[in-house]
Amino acid sequence: MSAPRLLLLGPPGAGKGTQAQLLVERLEIPQISTGDMLRAAVAEGTPVGREAKGCMDRGELVPDAVVIGVAEERLQKPDAEGFILDGFPRTAAQAEALDGLLEKLGRPLDVCVAMTVDEEQLVERLLKRAEIEGRADDNEETIRNRMNVYREQTEPLIAYYRKRDLVREVDGLGSVDEVADRIRKVLSP
Ligand code: AMP
């Protein structure tokens, strides 16, 4: 697969960001993380950042129109021939917008890696990450909120991509290397 187009799906704290970074190095394709882009926009105080901040602090989703705009702008850059999407799409509307754009660009998704991890493990991981990174959205209430949002709005996307036979499930429990190994295997069957 040259310049593969990958989507990492999974609940908050499943290790998508970490695994995405490893894939960036190995496959030499960019990571496209709407969470990172939105945090940068908040830090810079741009109009997008001002719109996103409140939702992010509460662990709610930023409105589709805002996130879709951010993702579409990034995906249209020339280096996005292949890519790893991390944290986008998170809703059916986002998935449909992504499909439309990728079709227009002639760059359809190759694989959706769905990472599965037990919810209590995730809450623990996220609380630990909160201590290390000091993220404003990593307190317990917000974390629970993000889990609920994931279950209700994002998890159904697995079925959406499964219909097109794009889903490869990966157990996200274990060390970074173990999980990276599992991902490597499902990407080169
Ligand atoms: P993340 O770093 O991917 O966990 O994203 C952090 C926060 O940014 C989320 O809790 C949302 O508030 C917001 N966010 C990131 N990506 C999206 C998205 N695709 N749709 C809506 N909100 C998003």
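Residues numbered from 1 in each chain as written. Predicted model: local features only at pLDDT ≥ 70, side-chain atom pairs only at ≥ 80, totals over all residues. Heavy atoms only, no water.

Caption draft 1: Inspection of the packing of aromatic side chains at higher detail. Under the criterion given, the structure shown has one aromatic pair. A ring pair is formed by Y160 and Y161, whose centres lie 5.0 Å apart and whose planes are at 90°; its orientation type is edge-to-face. Residue Y160 is classed as partly exposed on the basis of its relative accessible area of 23%. (Phe/Tyr/Trp six-rings, centres within 6.5 Å; stacked < 30°, edge-to-face > 60°. Buried < 20%, exposed > 50% of the residue type's maximum accessible area, 1.4 Å probe, protein only.)

Caption draft 2: Spatial organisation of the environment of D138. Checked against the element boundaries, D138 lands in the loop between α6 (119-133) and α7 (140-154). Owing to a relative accessible area of 4%, D138 belongs among the buried residues under this scheme. The sequence separation of D138 and G59 amounts to 79 residues, and the corresponding C-alpha distance is 8.4 Å. When near neighbours in sequence (up to four residues on either side) are disregarded, D138 contacts L126, L127, R129, A130, I143 and R146. (Helix = DSSP H or I, 4+ residues; strand = E, 2+ residues; numbered from the N terminus. Contact = heavy atoms within 4.5 Å.)

Caption draft 3: Molecular detail of the site of the ligand. Neighbouring the ligand are 16 residues, the closest being T34, R39, E60, G87 and Q94. Within the backbone of V62, a nitrogen or oxygen atom sits 3.1 Å from a nitrogen atom of the ligand. Look at the ligand: alone it shows 470 Å² of surface, and the protein chains cover 96% of it. Considering only residue class, the shell around the ligand consists of six nonpolar, four polar and six charged. (Near = heavy atom within 4 Å. Polar contact = N/O pair within 3.5 Å; in protein donor to acceptor, adjacent residues only side chain to side chain. Areas by Shrake-Rupley, 256 points an atom, 1.4 Å probe, with all protein chains shown as cover. Nonpolar A, V, L, I, M, F, W, Y, C, P; charged D, E, K, R; others polar.)

Caption draft 4: Structural detail: the nonpolar core. Formed by 31 residues in total, the largest nonpolar core has its most connected members in V62, F83, L85, L98, L109 and Y161. If you list the elements that add at least two residues to this core, you get β1 (5-9), α3 (47-58), α4 (64-75), β3 (83-86), α5 (92-105), β4 (111-116) and α8 (156-162). With six residues, the top contributor of residues to this core is α4. Ranked by size, the runner-up nonpolar core spans 21 residues in total, among them I29, V113, V179 and L187. (Core = buried A, V, L, I, M, F, W, Y, C linked by side-chain atoms within 4.5 Å.)

Caption draft 5: Broad picture of the sheet that holds β4. Ordered by their spatial adjacency, five strands build an open sheet running β2-β3-β1-β4-β5, and the pairing between neighbours is parallel. Looking at which strands have only one partner, the edges of the open sheet turn out to be β2 (31-33) and β5 (167-171). Going across the sheet, the axis of each strand differs from the next one's by a mean of 25°, ignoring polarity. Across four bridges, β1 lies against β3 in parallel orientation. Opposite L7, over in β3, you have L85 as the bridge partner. Running at roughly 165° to β1, helix α1 (residues 16-27) makes contact with β1, β2, β3 and β4 of the sheet. (Pairing = 2+ DSSP bridges. Axes fitted to C-alpha atoms, helices over the stretch in contact; angles between N-to-C directions.)

Keep in mind these numbers describe shape, not what the thing actually does.
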